[in-house]
Amino acid sequence: MTMGERIKKAREAKGYSQTELAHLLGYKSRSSINKIETQGRDIPRSSIVEFSKVLGVTPSYLMGWDEEDKKDNEPIDSNATILPQDNVHIIPIYESVSAGFGAYADDYVVGYMPLYIVNEEEAKNTMCIVVSGDSMYPKIENGDKIQVLRQDWAEDGQVVVALIDGENGVVKKIKYSDDKITLVSFNPEYQPREFVGAERDRIRILGIVKTVIKSL
């Protein structure tokens, strides 16, 4: 089922005409809704949450991410916790550290993911990155996604995304001691990297890792 078909199904379930839905979403005419439903016209990422709110469905449903796990007529688990949709944000997934924190170009976005984030400011500064390599194994494996909060500082012991010499993007645990910064890998096969004195300026913290999203 395409996104347009899911929108149509949800619209009809709510009893809205295309004209009514267009009005609720701020479109000038029903033709825009018709094109989305029948011609597969893409919806801007910023509009997916608005569509989901008006239609009473989740962003995951509109994006089609839950189709493999849930049949159309499967009842909702009565014990499930329903999270407020106001706090569900569509977060971009970048293909690498350098791509995500460099140009921010859409060309580097490999997908989107709905995440529940209460703080609006934090949501604006959140992104996901696909990790490559095994230096952080077993906690972070090759192909895992990490949820990153963009900020230029970190506390001792946090897992960070950092640039070395402005080019080499890494995911490491950061340690501070006296006049030294140490970047530590979870995988013992990789030796810690120490930056002493003026060498500390080679390190630029880009964000802290909040969550690891495993791929099955």
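Scroll up a little and you will see the structure.
This structure is a prediction, so every number in the text was calculated from the model and none was measured. (Residues numbered from 1 in each chain as written. Predicted model: local features only at pLDDT ≥ 70, side-chain atom pairs only at ≥ 80, totals over all residues. Heavy atoms only, no water.)

For the protein, the helix and strand inventory stands at seven helices and nine strands. Within the protein, the proportion of its 216 residues that are buried is 40%. Long-range contacts, defined here as pairs at least 24 residues apart, represent 57% of the contacts in the protein between residues at least 6 apart. (Helix = DSSP H or I, 4+ residues; strand = E, 2+ residues; numbered from the N terminus. Buried < 20%, exposed > 50% of the residue type's maximum accessible area, 1.4 Å probe, protein only. Contact = heavy atoms within 4.5 Å.)

Right, let's get into the side chain of Lys172. If you trace the backbone, Lys172 turns up in strand 6 (residues 168-177). Of the side chains with opposite charge, Asp134 lies nearest to the buried Lys172, which makes no salt bridge, at 8.2 Å. Setting aside residues no more than four positions away along its own chain, Lys172 makes contact with Ser135, Met136, Gln158, Val159, Val160, Leu183, Val184 and Ser185. (Lys, Arg positive; Asp, Glu negative; His and termini not counted. Salt bridge = Lys/Arg side-chain N within 4 Å of Asp/Glu carboxyl O.)

So, on to the sheet that holds strand 1 (residues 88-94). What the nine strands build is an open sheet, ordered 2-1-3-4-9-5-6-7-8; its pairing is mixed. Two strands lie at the open edges of the sheet, namely strand 2 (109-116) and strand 8 (193-196), each paired on one side alone. In this sheet, adjacent strand axes meet at a mean angle of 40° when their direction is disregarded. Pairing geometry for strand 3 (residues 126-130) and strand 4 (residues 145-150), over five bridges, is antiparallel. For Cys128, the partnering residue across the bridge sits in strand 4 and is Gln147. (Pairing = 2+ DSSP bridges. Axes fitted to C-alpha atoms, helices over the stretch in contact; angles between N-to-C directions.)

Grouped together as the largest cluster of nonpolar side chains are 18 residues, with contacts concentrated most on Ile7, Leu21, Phe51, Leu55 and Leu62. Mapped onto this core, the elements with two or more residues apiece are helix 1 (3-14), helix 2 (18-25), helix 3 (30-39), helix 4 (45-55) and helix 5 (59-63). The element best represented in this core is helix 4, accounting for five residues. Contacts of Leu62, omitting those with residues within four sequence positions, involve Met3, Arg6, Ile7, Ile48, Phe51, Ser52 and Val57. With 16 residues, the next largest nonpolar core counts Tyr94, Ile129, Ile140 and Val209 among its residues. (Core = buried A, V, L, I, M, F, W, Y, C linked by side-chain atoms within 4.5 Å.)

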